[in-house]
Amino acid sequence: MASSIFYLACVLGIATAALYLLVRPGARALKLGATVVGLGALGWLVQQFVGMLGGDDPSDRPGVIFFIFSLIAVASAVRMITHSRPIYSALYFVMVVLSSAGLFLLLEAEFMAFALIIVYAGAILITYLFVLMLAQQAPGEDGTVQSPEYDRIPREPAAGVAVGFVMLALLSEMIFSGVSTELTEPPVAAAEVAAWRELEQMPGQLRRELIRVDPDLEESFPADQTPAKFSRIDEQGGIFTVGPLGSSGQTYEVSLPHSAMPQNIQRVGWALVHQYPASLELAGVILLMAMFGAVVLAQRQIELSDDEKLEAARAHQSARDAANGGDA
Amino acid sequence: MMLAAIENLGSITLSHYIFTSALLFVIGLIGFVTRRNMIVMFLCTELMFQGAAIAMIAFGRFHLNASGQVFVIFILTVAAAEAALALALVVLLYRRRETLSAEVWSELKE
């Protein structure tokens, strides 16, 4: 295990060196070479992970989809921070968002996957694109758009990549040795009991599911009350005790199948309003304040003094001269 | 359904997802440090949010509860608020100096 951690560190080092070459301005051939080396390092990582999967059991297919999505995500993220045109950076970020939505789907967070696409790719990224287009440099005399110097030349690429490498090394050391390397058996039974207890709190849904299993219940109990309590789980699903909950009367048990469990979106909604209501309110306040702040900031007219105007014009002119000088 | 879901996970482990999220986070960090365009710097923070979101969802899936997804809803909220404010600020600053370079604004005092 120790040697594999060592190899992992080496490969991550190679990958970060390749990333450094990509971030740095340089010859196209060098960048091509760095891309190949980086892809090779990523391929090694994938192969290691596939080795960890063990065997070529067809039930490992979801693994392939996972690797495709995460490779797309990581590769577009690298391209996003290395591209010299901000608009393309934003578009590559859309790729990252889409592929992580795919990862969310694999993790059975369907609601979050689509919320991510709608909110991130649909709303936030469009705002970014609008601002990028507002703040675009005018094309030069020959009609070509020259990306400004601050987009072409990075700031401290070596230090940045080194910090990133140390951070990634620490994180992966934690991931691969600190925490267990296998998806250990989660306390499935406890989680299942929790899910059934959530169903118990949703009377309408519970009544529908009970009637689906046992249609006689429709006559015996009025619609506005469902005297059912969760009692225990077994292999088939959850067993609910149905009947008058007081001491009087006959109670009997109904076994609900696993398909009667609350769905992902129901569980998210329940957790949101039941476990975290204060945070939900706070989120609303944050959004309101952000809206106010954006309106106040964006509508403020700046009164430039004369010398400031002169300075801005001079800076603009010198930047344009520098760009033209670079062309000639 | 939940039991079948665990079998469907195959042998992809929690570590795989956490490693992907760590990669995205670190790439976002490198981008934030190295890029000089203010808008791209904010985009890189969004990339870091994205990494955190994947970690949250993976942990929530691991513990089979919905809290991870609820946290991602809050992450989305904060990201949206941050984008609105940051972009308003960037528009304001751009009107003033006609450049997006972060270094021009190393001193914000009037």
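Each chain carries its own residue numbering, running from 1 in the written order of its sequence. Here every chain gets a letter starting at A, and every ligand a number starting at 1, in the order they are written. In keeping with the predicted nature of the model, local features appear solely for residues at pLDDT of at least 70, side-chain atom pairs appear and are counted solely at 80 or more, and the whole-chain, interface and lining totals rest on all residues.

Asks: Looking at this model, I keep getting lost on the overall build of chain A. Mind explaining?
Replies: Secondary structure is summarised from DSSP: a helix means a run of H or I of at least four residues, a strand means a run of E of at least two, and numbering begins at the N terminus for each. Within chain A one finds 13 helices and 3 strands. Labels follow a simple rule on C-beta atoms placed from the backbone: if 20 or more others lie within 10 Å of a residue's own, it is buried; if 12 or fewer, it is exposed; otherwise it is partly exposed. Counting all 328 residues of chain A, 26% fall into the buried class. In this description, any two residues whose backbone-derived C-beta atoms lie within 7 Å of each other are considered to be in contact. Sequence separation of at least 24 residues holds for 50% of the intrachain contacts in chain A that already meet a minimum separation of 6.

Asks: Explanation requested: the overall build of chain B in the structure shown.
Replies: Broken down by element type, chain B carries 4 helices and 0 strands. When its helices and strands are written in sequence order, chain B yields α-α-α-α. Among the 110 residues that make up chain B, the fraction classed as buried is 60%. Excluding contacts between residues fewer than 6 apart, the proportion of contacts in chain B whose partners are at least 24 apart in sequence is 49%.

Asks: Is there a simple way to think about the sheet that holds strand S1 (residues 228-233) of chain A in this case?
Replies: The pairing of strands in a sheet comes from backbone hydrogen bonds and takes either a parallel or an antiparallel form. Residue and element names in this part refer to chain A. At least two DSSP bridges between two strands are required for those strands to pair. In spatial order, the strands read S1-S2-S3; together these 3 strands make up an open sheet with antiparallel pairing. Of all strands in the sheet, those bounded by a partner on one side alone are S1 and strand S3 (252-257). For this sheet, the mean inter-axis angle between neighbouring strands, taken without regard to orientation, is 35°. Judged from the 5 bridges that link them, S1 and strand S2 (residues 237-242) form a sheet pairing that is antiparallel. Paired with Phe230 across the strands is Phe240, a residue of S2. Axis lines are fitted through C-alpha atoms, for helices just across the contact stretch, and the angle between N-to-C directions can take any value from 0 to 180 degrees. Packing of helix H8 (residues 188-200) onto the sheet brings it into contact with S1 and S2, and relative to S1 it is tilted by some 170°.

Asks: Explanation requested: the interface of chain A and chain B in the structure shown.
Replies: Contacts between chain A and chain B engage 89 residues on the former and 75 residues on the latter. Taken together, the residues that form the side of chain A that touches chain B break down as 62 nonpolar, 17 polar and 10 charged. Polar here means any residue outside two lists: the nonpolar Ala, Val, Leu, Ile, Met, Phe, Trp, Tyr, Cys and Pro, and the charged Asp, Glu, Lys and Arg; Gly therefore counts as polar.

Asks: Help me understand the confidence of the model for chain A in this model?
Replies: For residues with low pLDDT, the predicted coordinates do not support detailed interpretation. Residue and element names in this part refer to chain A. For chain A, mean pLDDT is 78; residues scoring 70 or higher make up 80% of the total. pLDDT is a per-residue confidence score from the predictor, ranging from 0 to 100. Of all secondary-structure elements in chain A, the lowest mean pLDDT belongs to helix H10 (residues 217-220), at 70, while helix H4 (residues 86-106) reaches the highest, 92. Note on residues 55-59: pLDDT under 50 across the span, and 1 contact to partners over four residues away in sequence or across chains.

Asks: I tried to follow helix H11 (residues 264-275) of chain A on my own but got confused; where do I start?
Replies: For H11 of chain A, spanning 12 residues, the distance from its first C-alpha to its last is 15 Å, which sits close to the expected 16 Å at 1.5 Å a residue. Here H11 of chain A has its buried residues at Arg267, Val268 and Ala271 of chain A. When H11 of chain A is viewed along its axis, its buried side chains cluster within an angular range of 100° and face the same direction. Residues Val273 and His274 of chain A are exposed on H11 of chain A and point more than 90 degrees away from its buried face. In this fold, the buried residues of H11 of chain A make contact with helix H5 (110-134) and H8 of chain A together with helix H4 (67-97) of chain B. Multiplying one less than the number of residues by 1.5 Å gives the expected span of a helix. Arc definition: directions from the helix axis to the C-beta atoms.

Asks: Can you walk me through the nonpolar core in this structure?
Replies: Soluble, globular proteins show a tendency: their nonpolar side chains are buried together. Joined through C-beta atoms within 7 Å, a set of buried Ala, Val, Leu, Ile, Met, Phe, Trp, Tyr and Cys residues constitutes a nonpolar core. Core analysis: the largest hydrophobic core is formed by 94 residues, its most contacted members being Ala77 of chain A together with Ile39 and Ile57 of chain B. When neighbours within four sequence positions are excluded, Ile39 of chain B is seen to be in contact with Pro86, Tyr128, Val131 and Leu132 of chain A together with Val90 and Leu100 of chain B.

Asks: What should I look at first to understand the packing of helix H3 (residues 38-62) of chain B against H4 of chain B in this one?
Replies: Any two packed helices are characterised by the angle at which their axes cross and by the distance between the axes. All names here are of chain B. Across the interface, H3 lies against H4 with an axial gap of 8 Å and an inter-helix angle of 175°. One element, H3, and the other, H4, form an angle in the roughly antiparallel class. For the pair H3 and H4, the contacting residues are Met38, Ile39, Phe42, Glu46, Phe49, Ala52, Ala53, Met56, Ile57, Phe59, Gly60 and Arg61 in the first and Ser67, Gly68, Gln69, Phe71, Val72, Ile75, Ala79, Ala83, Ala86 and Val90 in the second. Of the residues in the contact of H3 with H4, the class split is 16 nonpolar, 4 polar and 2 charged. Roughly parallel means an angle under 35 degrees; roughly antiparallel means over 145; roughly perpendicular covers 65 to 115; every other angle is labelled oblique.

Asks: Is there a simple way to think about unusual backbone geometry in this case?
Replies: Peptide bonds are trans in most cases, and residues, glycine excluded, mostly fall at negative phi. The backbone phi angle of Glu156 of chain A is positive, close to 50°, even though this residue is not glycine. With respect to the helices, strands and loops of the structure, Glu156 of chain A is situated in the loop between helix H6 (149-152) and helix H7 (157-178). With 12 C-beta atoms packed within 10 Å, Glu156 of chain A lands in the exposed category. Non-glycine residue Leu64 of chain B carries a positive phi angle of around 55°.

Asks: Explanation requested: the environment of Val26 of chain B in the structure shown.
Replies: Along the chain, Val26 of chain B falls in helix H2 (residues 14-34). Look at Val26 of chain B and you get buried, because 28 C-beta atoms sit within 10 Å. Sequence separation between Val26 of chain B and Cys44 of chain B is 18 residues; the distance between their C-alpha atoms is 9.9 Å. Apart from the residues within four sequence positions on either side, Val26 of chain B is in contact with Gly164, Met167 and Leu168 of chain A.

Asks: I tried to follow the packing of H4 of chain A against H3 of chain B on my own but got confused; where do I start?
Replies: It is at 11 Å that the axes of H4 of chain A and H3 of chain B come closest, and there the two elements cross at 5°. In this view, H4 of chain A runs roughly parallel relative to H3 of chain B, as classed from their interaxial angle. For the pair H4 of chain A and H3 of chain B, the contacting residues are Pro86, Ser89, Ala90, Phe93, Val96, Val97, Ser100, Leu103 and Phe104 of chain A in the first and Ile39, Val40, Leu43, Glu46, Leu47, Gln50, Ile54 and Ile57 of chain B in the second. In terms of residue class, the contact of H4 of chain A with H3 of chain B is made up of 13 nonpolar, 3 polar and 1 charged.

Asks: Help me understand the environment of Val131 of chain A, please; the structure alone is not making it clear to me.
Replies: Along the chain, Val131 of chain A falls in helix H5. Separated by 40 residues in the primary sequence, Val131 of chain A and Leu91 of chain A have C-alpha atoms spaced 14 Å apart. The residues touching Val131 of chain A, leaving out its near neighbours within four places in the chain, are Ile39, Leu87, Val90 and Val91 of chain B.

Asks: I'm lost on the confidence of the model for chain B in this one. Help?
Replies: All names here are of chain B. Across chain B, pLDDT averages 83, with 87% of residues at or above 70. The least confident element of chain B is helix H1 (residues 2-8), whose mean pLDDT is 43; the most confident is H3, at 92. Under a pLDDT of 50 for its full length, residues 1-10 has, in the predicted model, 21 contacts with residues more than four places off or in other chains. Interface confidence for the predicted complex, expressed as ipTM, amounts to 0.88; the pTM equals 0.78.

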